[in-house]
Amino acid sequence: MRFERRHIISMKDFTRDEMDYILDRATKLEPLARGGRSDLLAGKILALLFYEPSTRTRMSFETAMLRLGGGVLNLGSKEATSIVKGETLADMIRVVSTYSDAIVQRHPSEGSALMAAEFSSVPIINGGDGAGHHPTQTLLDLYTIRKESHLDNLDIAIVGDLKYGRTVHSLTYALSLYGANITLVSPPQLKMPDQIKADLKARGARVRETENLEEILDSIDVLYMTRIQKERFPDPTEYKKMAGAYKITIEHLENVRDSMIIMHPLPRVYEIDSSVDTSSHARYFEQSFYGVPIRMALLTIVMGVEV
Amino acid sequence: MSAEKELRVRPIRDGTVIDRILAGQAMNVLKILGIKGAYSDVVTMAMNVPSKELGQKDIVKIENRELEEKELDKISLISPGATINIIRDFEVADKYQVELPEMVEGMVKCINPNCISNTKEPVISKFEVKKDPVQLRCIYCENIIMENIAEHLL
Ligand SMILES: Nc1ncnc2c1ncn2[C@@H]1O[C@H](COP(=O)(O)OP(=O)(O)OP(=O)(O)O)[C@@H](O)[C@H]1O
Ligand SMILES: [Mg+2]
Ligand SMILES: [Zn+2]
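Residues numbered from 1 in each chain as written. Chains lettered and ligands numbered in written order. Predicted model: local features only at pLDDT ≥ 70, side-chain atom pairs only at ≥ 80, totals over all residues. Heavy atoms only, no water.

Draft legend 1. Seen up close, the overall build of chain B. A count of helical and extended segments in chain B gives 3 helices and 9 strands. Listing every helix and strand of chain B by position from the N terminus yields α-β-α-β-β-α-β-β-β-β-β-β. In terms of principal-axis extent, the alpha carbons of chain B reach across some 55 × 30 × 25 Å. Out of the 154 residues belonging to chain B, those deemed buried represent 45%. A sequence separation of at least 24 residues applies to 58% of the contacts in chain B between residues at least 6 apart. Accessible surface, chain B as shown: approximately 9000 Å² in total, 49% of it carbon and sulfur. (Helix = DSSP H or I, 4+ residues; strand = E, 2+ residues; numbered from the N terminus. Buried < 20%, exposed > 50% of the residue type's maximum accessible area, 1.4 Å probe, protein only. Contact = heavy atoms within 4.5 Å. Areas by Shrake-Rupley, 256 points an atom, 1.4 Å probe, with all protein chains shown as cover.)

Draft legend 2. Inspection of the overall build of chain A at higher detail. Summing up its helical and strand segments, chain A has 10 helices and 9 strands in all. Since a compact globule built from 307 residues should have a radius of gyration of about 19 Å, the 19 Å found for chain A is in line with a globular shape. Based on the C-alpha atoms only, the size of chain A along its principal axes is roughly 55 × 40 × 40 Å. For chain A, with 307 residues in total, the buried portion stands at 56%. (Rg over C-alpha atoms; globule rule 2.2 N^0.38 Å.)

Draft legend 3. Highlighting the site of ligand 1. Residue and element names in this part refer to chain B. Every residue close to ligand 1 is listed here: P11, I12, V17, D19, R20, K61, N85, I87, F90, V92 and K95. Between an oxygen atom of ligand 1 and a side-chain N or O atom of D19, the distance comes to 3.2 Å. A distance of 3.0 Å is found between an oxygen atom of ligand 1 and a side-chain nitrogen or oxygen belonging to R20. Relative to its unbound accessible area of 620 Å², ligand 1 is 62% covered by the protein chains. Within the residue set of the shell around ligand 1, elements represented by two or more residues are β1 (15–22), β4 (83–88) and β5 (91–97). Among the elements that line the shell around ligand 1, the one with the most residues is β1, at 3 residues. For the shell around ligand 1, the per-class residue count stands at 6 nonpolar, 1 polar and 4 charged. (Near = heavy atom within 4 Å. Polar contact = N/O pair within 3.5 Å; in protein donor to acceptor, adjacent residues only side chain to side chain. Nonpolar A, V, L, I, M, F, W, Y, C, P; charged D, E, K, R; others polar.)

Draft legend 4. Just the pairing of strand β2 (residues 71–74) of chain A, in detail. Residue and element names in this part refer to chain A. Pairing of strand β1 (residues 45–50) with β2, which is carried by 4 bridges, proceeds in the parallel orientation. Across the sheet, the residue bridging to L48 is N74, located in β2. Assessed by its sense of winding, the connection that carries the chain from β1 through helix α2 (residues 56–67) to β2 is right-handed. (Pairing = 2+ DSSP bridges. Right-handed = clockwise from strand over helix to strand, strands pointing away.)

Draft legend 5. Up close: the nonpolar core. All names here are of chain A. In this structure, L142 and L175 are the most contacted members of the largest nonpolar core, which totals 60 residues. A total of 9 residues in this core trace back to one element, the largest contributor, which is helix α10 (residues 284–302). Inspection of this core shows a minimum of three residues originating in each of domain 1 (11–133 + 291–302) and domain 2 (136–288). Non-local contacts of L142, meaning those with residues more than four positions away in its chain, are made with M19, L23, L151, L171, A174, L175 and Y178. (Core = buried A, V, L, I, M, F, W, Y, C linked by side-chain atoms within 4.5 Å. Domains from an automatic or database assignment.)

Draft legend 6. Representation of the interface of chain B and chain A in the model. Between chain B and chain A, the contact holds 14 residues from the first and 20 residues from the second. Taking both sides of the interface into account, the surface hidden between chain B and chain A amounts to around 1200 Å²; carbon and sulfur atoms contribute 48%. Linking chain B with chain A are 1 salt bridge, by the criterion used here. Run the count over chain B and chain A and you get 8 residue pairs in polar contact (both at pLDDT 80 or more). (Buried area = accessible area lost by both parts, 1.4 Å probe. Salt bridge = Lys/Arg side-chain N within 4 Å of Asp/Glu carboxyl O.)

Draft legend 7. The coordination of the zinc ion (ligand 3), seen in detail. Residues and elements named next belong to chain B. The zinc ion (ligand 3) binds to the protein through C110 (SG), C115 (SG), C138 (SG) and C141 (SG), with metal-donor distances spanning 2.3 to 2.4 Å. Angles of 98 to 118 degrees at the metal separate the 4 donor atoms of the zinc ion (ligand 3), which places the site in the tetrahedral class. Sequence positions of the residues that donate to the zinc ion (ligand 3) give the spacing C-x4-C-x22-C-x2-C. Both residues of the pair, C110 and C115, belong to the buried class. (Donors = N, O, S within 2.8 Å, 3.2 Å for Na, K, Ca; no water. Tetrahedral: all angles 85-135°; square planar, octahedral: opposite > 155°, others 65-115°.)

Purely spatial values, then, with no claim about function.
Written as structure tokens, this is what we have:
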């Protein structure tokens, strides 16, 4: 597999074999992610260009780099603001790519990562481009599912904003390559667009839709919860009603499969009650941790370091 | 030549006839060719002309001009079936159908205001072209333009 110096822009750039390859490498690196020491990336520098706030993505990249013996360059928030006013992203990339061995970027415009790749002399890893892609989130989701459940023959329910949510579109795309049985759970106004559903089916997923979360809880392996933004509901009473219907509490878990796991890309707001946190089904904090081995895997791959 | 024919069209000595334009698109073809108010040569436009093949079609005839590649590409986006007839010395010297390119660069503005191609960044819009019906997919933000393509031409 030829990954060295390749940009990581969208999940659509990956075949299933390539995804498996990344997941396998993350499995190898997980012990280091848990606190080991390594010199795998000694002498390498990762630049973090975040034009928008991020905690998990930015910090887990930093951790991944530091635990592998590499260094990081951070664009301070002050610099970011001054750049927004003047210098183009293109110029920034041309400069920063001469200082670093790879760049992780988050930028508010869709397509910004692809454009950055055109100007960069080092690999660009997309850490989110507006409503576009966030491939490292999808990879850590897949890793979590494979580790804590299973990717073959998977019954997964995905709950929340399926219309606009980029996480969901990219995750369902990847799962379709594994032939997953996907149940889409959302309020009617936030259903997944028909075009995306058709694409998923064409790629091998089985897709069903419902508005009723409770009725499907006992027939799934993974419950993937996402946040629904208040702004999508102009009427506050509508929002309240919806928020109640798409919230999971410990009472909902009585009849679920023993092995069923609950995931969430975080931050959660109301969707998962804190009573669920201590149940044997909760995996959202592990999921967040798995961002580290996945990002370690990607960094070693794009920097051309064998593991 | 019958009196009726003479009234409707004056033959061109040299120029281009754009025939079989999708009915309703003639004005957009003129726009693509930059023909607005003042123009030095003779231009004739016919709309909703009965046509055996198409039911109805539009036609644009321009004297003393042959079209550029970029103009032909733009016409293909709004009317993929249009034919180009090169007229020399009153005769049709060459005839071909416009051809949809696989990719168009710097020709169309993305409909997504949040697309990187709509910022001050030094980036030229690029779209993948699909046919039947014509669809333009922005390679940056993946938004698709299917309707009123003429309105998004740069
Ligand atoms: N000298 C000319 N001046 C103006 N229009 C012309 C001239 N010669 C041909 N045309 C127009 O150009 C188009 C193509 O001419 P042509 O003689 O090839 O007609 P056709 O056989 O109907 O072609 P097609 O099969 O493409 O419809 C027609 O619309 C015709 O009216
Ligand atoms: Mg004819
Ligand atoms: Zn775009």
